[in-house]
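This is what each chain is made of:
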Amino acid sequence: MPHVIDVLTAGPWVLVLVLIVAGLDAILPFMPSESTVVAAGVVAAATGRPNLGLLIAAAALGAYAGDLLSYRIGRRSNRAVAARTARGRRAQLVHDWVHRMLHGRGGLIIVSARYVPGGRSTTAFSAGVVGYPLTRFHCYTGLGVLIWAVQAALLGYLGGAVFADRPLLGLALGCVGALALSGLVVAVYRLDRPSPVQRQARIVPSPRS
């Protein structure tokens, strides 16, 4: 087993894999981007390869490219989404709510949504659909992917360092830490603002008797 790990980490293949998986996760939400980075961090602690700085850079670059691609797809889908929202009041309410949320608190949402299952791809795509400014999207996405990559890589590295002789336990520790952080963000989101339909219900006055 150690020989296999040495072979896999001797070249740049781990970094290439991390970059590809982190990028595809923005389009295919089932891709295990975070667990891949955590696993590579565990291996880095055990063997010294891949270099931790290069691991963070590969994860951040892949995630950045994937988010930008999802944003571009959203921009190209703008007309189709507009046509669909024009046919239904509920769809228009959702679109308007997303527009207000992103244009009002876009930075916080773009940075933190990647810790919510499916939140990263949905947010990047929605930002493109509602016309969120590209310059600001670049800035907040860059900050978000850097924080995410550092967090995932360090969780894996810490797990690998604590359980140096038991890499599977190190991987489990890193993944539990990542899940705990995601759970915290999900809890905060649930305590946040109501749904667009609920907000609309508050705005529409009740009929007089």
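What counts and what doesn't
- Residues numbered from 1 in each chain as written.
- Predicted model: local features only at pLDDT ≥ 70, side-chain atom pairs only at ≥ 80, totals over all residues.
- Heavy atoms only, no water.
- Helix = DSSP H or I, 4+ residues; strand = E, 2+ residues; numbered from the N terminus.
- Buried < 20%, exposed > 50% of the residue type's maximum accessible area, 1.4 Å probe, protein only.
- Contact = heavy atoms within 4.5 Å.
- Axes fitted to C-alpha atoms, helices over the stretch in contact; angles between N-to-C directions.
- Parallel < 35°, antiparallel > 145°, perpendicular 65-115°, else oblique.
- Left-handed = near helix turned anticlockwise from the far one by under 90°.
- Nonpolar A, V, L, I, M, F, W, Y, C, P; charged D, E, K, R; others polar.
- Patch = residues over 30% accessible without salt bridge, like charges linked within 9 Å, V, L, I, M, F, W, Y side chains within 5 Å.
- Areas by Shrake-Rupley, 256 points an atom, 1.4 Å probe, with all protein chains shown as cover.
- Salt bridge = Lys/Arg side-chain N within 4 Å of Asp/Glu carboxyl O.
- Expected span 1.5 Å × (residues − 1).
- Core = buried A, V, L, I, M, F, W, Y, C linked by side-chain atoms within 4.5 Å.
- pLDDT = per-residue confidence, 0-100.

A. The arrangement of the overall build of the protein in detail. Helix and strand counts for the protein stand at ten helices and zero strands. Shown N-terminal to C-terminal, the secondary structure of the protein runs as helices and strands in the order α-α-α-α-α-α-α-α-α-α. Of all 209 residues assigned to the protein, the portion counted as buried reaches 37%. Expressed as a percentage of contacts within the protein between residues at least 6 apart in sequence, the contacts between residues at least 24 apart total 79%.

B. Broad picture of the packing of helix 4 (residues 52-76) against helix 7 (residues 119-129). Packing of helix 4 against helix 7 leaves a shortest axis separation of 6 Å and a crossing angle of 45°. The orientation of helix 4 relative to helix 7 falls into the category oblique. Where helix 4 crosses over helix 7, the two elements pack in a sense that is right-handed. Here helix 4 contributes Gly62, Ala63, Gly66, Asp67, Ser70, Tyr71, Ile73, Gly74 and Arg75 to the contact with helix 7, which in turn contributes Arg120, Ser121, Ala124, Phe125, Ala127, Gly128 and Val129. Class assignment for the residues of the contact of helix 4 with helix 7 results in seven nonpolar, six polar and three charged.

C. Quick peek at a nonpolar patch on the surface. Together, Trp13, Val16, Leu19, Ile20, Leu24, Ile27, Leu28, Phe30, Leu61, Leu69, Ile73 and Phe125 make up an exposed nonpolar region whose accessible area comes to about 1,100 Å². Counting residues per element, the ones that place at least two in the nonpolar patch are helix 2 (13-24) and helix 4. With five residues, helix 2 is the largest single contributor of residues to the nonpolar patch. Mapped onto the elements, Ile27 comes out in the loop between helix 2 and helix 3 (33-47). You can call Ile27 partly exposed: its relative accessible area is 36%.

D. Looking closely at helix 2. The terminal C-alpha atoms of helix 2, which comprises twelve residues, lie 16 Å apart, in line with the 16 Å expected from a rise of 1.5 Å per residue. Of the positions making up helix 2, those classed as buried are Val14, Leu15, Val18, Val21, Ala22 and Gly23.

E. Highlighting the nonpolar core. Counting residues in each nonpolar core, the largest one holds 19 residues, and the members touching the most others are Val18, Val37, Leu55, Ala59, Trp148 and Ala149. Sorting the residues of this core by element identifies helix 2, helix 3, helix 4 and helix 8 (134-162) as the ones contributing at least two each. Ranked by size, the runner-up nonpolar core spans twelve residues in total, among them Val98, Ile110, Ala113 and Phe137.

F. Examining the environment of Leu102 more closely. Mapped onto the elements, Leu102 comes out in helix 6 (residues 89-112). A C-alpha to C-alpha distance of 10.0 Å links Leu102 and Pro133, two positions 31 residues apart in sequence. Contacts of Leu102, omitting those with residues within four sequence positions, involve Ile109, Thr123, Ser126, Ala127, Val130 and Tyr132.

G. Fine view of the environment of Ala63. Relative to the helices and strands, Ala63 resides in helix 4. Sequence spacing of Ala63 and Ala22 is 41 residues, and the spatial spacing of their C-alpha atoms is 4.8 Å. Apart from the residues within four sequence positions on either side, Ala63 is in contact with Ala22, Gly23, Arg120, Val145 and Trp148.

H. View of unusual backbone geometry. Following Arg49, the chain continues into Pro50 via a peptide bond in cis, with omega recorded as 0°. One can find Pro50 in the loop between helix 3 and helix 4.

I. Just the side chain of Ser121, in detail. As for its placement among the helices and strands, Ser121 is situated in helix 7. Setting aside anything within four residues of it in sequence, one finds Ser121 in contact with Asp25, Ala26, Pro29 and Ser70.

J. Representation of the confidence of the model for the protein in the model. On average, residues of the protein score 76 in pLDDT, and 64% of them are at 70 or above. The lowest-confidence element of the protein is helix 10 (residues 196-203), averaging 44 in pLDDT; the highest-confidence one is helix 4, averaging 93. Throughout residues 195-209 the model reports pLDDT below 50, and contacts reaching past four residues in sequence, or to other chains, amount to twelve contacts.

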